[in-house]
Amino acid sequence: RSSNARAAMDGMARVAQLLEGVRGRRKALLYFSEGIDFDIRNMFGPGSDTAVLDSVRAATAAATRANAVIYSIDPAGLPVAGVPVEMAGMLPLEPGNDITEAAFRNELMMAQDSLRILADETGGYAAVNANDFSGAFDRIVRESSSYYLLGYYPTDTEQSDRFRQLDVRVTRPGV
């Protein structure tokens, strides 16, 4: 699990680094996945893997530097009574099998939470528990089509560690 999660996040970081070369605009990084099967909510608890968490942080940091928003899209669709569709035919489980419906629900929640966290960290959102993604794609296009990009470079580079006050004014009401 750890190796797969790191590979996925390292790949996302490399894609974000490539997007960094596209200047002056916001980018959308669409991540189609059922999530990583690693609990990235549990950063310091038992069983936590700092290498995976470092890969997650590196991927979101690379996306932020590239001015890219991650939109996570779970192609698995709606679960059946909390169980992934491909597993629904296996229930009820045979006696003695330690895989339970609750375990499937926990795995699904963990994977979907990883998608939500990746998207939230960069200002995007996760499209999960849906069979129709047209609304999600419409939202991505809408959010990517109108935005403001403000930049500031101080003229006094000698004292770059101090705070500066900025006033931003616009002519359009309600902005």
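Note that the coordinates shown come from a computational prediction; the quantities given were computed from them, not determined experimentally.

**Q** Before we move on, could you go through the pairing of strand 2 (residues 68–73) and cite the residues and values that matter?
**A** The buried count for strand 2 comes to six of six residues, which makes it a mostly enclosed element. Of the two faces of strand 2, the one holding Ala-68, Ile-70 and Ser-72 and the one holding Val-69, Tyr-71 and Ile-73 are both buried throughout. With six bridges connecting them, strand 1 (residues 27–32) and strand 2 associate as parallel partners. Note that in strand 2 the partner of Leu-30 across the bridge is Tyr-71. Here strand 2 runs beside strand 3 (residues 126–127); their pairing, made up of two bridges, is parallel. Opposite Ile-73, over in strand 3, you have Ala-127 as the bridge partner.

**Q** Can you tell me about the sheet that holds strand 2, naming the residues and giving the values?
**A** Strand pairing in a sheet relies on backbone hydrogen bonds, with the paired strands running either antiparallel or parallel. An order of 1-2-3 is seen for the three strands of this open sheet, with the pairing classed as parallel. Looking at which strands have only one partner, the edges of the open sheet turn out to be strand 1 and strand 3. Strands strand 1, strand 2 and strand 3 of the sheet are contacted by helix 4 (residues 101–122), whose axis makes an angle of about 160° with strand 2.

**Q** Tell me about the nonpolar core, and name the residues and values.
**A** With 19 residues, the main nonpolar core has Met-9, Met-12, Tyr-31, Ile-70 and Leu-118 as its most contacted residues. Contributions of two or more residues to this core are made by helix 1 (2–19), strand 1, helix 2 (50–65), strand 2 and helix 4. Residues in contact with Met-12, not counting those within four places in the same chain, are Leu-29, Tyr-31, Ala-59, Ile-70 and Leu-118. Of all hydrophobic cores here, the second largest spans eight residues; its members include Val-69, Tyr-71, Tyr-125 and Ile-140.

**Q** How would you explain the side chain of Ser-33 if you had to name every residue and give the values?
**A** Assignment of secondary structure puts Ser-33 in the loop between strand 1 and helix 2. One polar contact links the side chain of Ser-33 to the main-chain amide nitrogen of Gly-35, over a distance of 2.8 Å. Non-local contacts of Ser-33, meaning those with residues more than four positions away in its chain, are made with Ile-73, Asp-74, Pro-75 and Leu-115.

**Q** Any details on the pattern of salt bridges? Residues and values, ideally.
**A** The tally for this structure, following the rule as stated, stands at three salt bridges. A salt bridge links Asp-113 to Arg-116; the nearest nitrogen and oxygen atoms lie 3.3 Å apart. Taken together, the residues Asp-113 and Arg-116, both in helix 4 and three residues apart, mark about one turn of the helix. On the accessibility criterion, Asp-113 (15% relative accessible area) is buried. Arg-116 sits in the partly exposed class, given a relative accessible area of 31%.

**Q** Tell me about unusual backbone geometry, and please be specific about residues and values.
**A** The residue Asn-67 is not glycine, and still its phi comes out positive at about 60°. Counting through the fold element by element, Asn-67 comes out in the loop between helix 2 and strand 2. Its relative accessible area of 29% is what places Asn-67 among the partly exposed residues. Even without a glycine there, the phi angle at Asn-129 is positive, about 55°. Topologically, Asn-129 is positioned in the loop between strand 3 and helix 5 (134–145).

Cut-off values and rules
- Residues numbered from 1 in each chain as written.
- Predicted model: local features only at pLDDT ≥ 70, side-chain atom pairs only at ≥ 80, totals over all residues.
- Heavy atoms only, no water.
- Buried < 20%, exposed > 50% of the residue type's maximum accessible area, 1.4 Å probe, protein only.
- Helix = DSSP H or I, 4+ residues; strand = E, 2+ residues; numbered from the N terminus.
- Pairing = 2+ DSSP bridges.
- Contact = heavy atoms within 4.5 Å.
- Axes fitted to C-alpha atoms, helices over the stretch in contact; angles between N-to-C directions.
- Core = buried A, V, L, I, M, F, W, Y, C linked by side-chain atoms within 4.5 Å.
- Polar contact = N/O pair within 3.5 Å; in protein donor to acceptor, adjacent residues only side chain to side chain.
- Salt bridge = Lys/Arg side-chain N within 4 Å of Asp/Glu carboxyl O.

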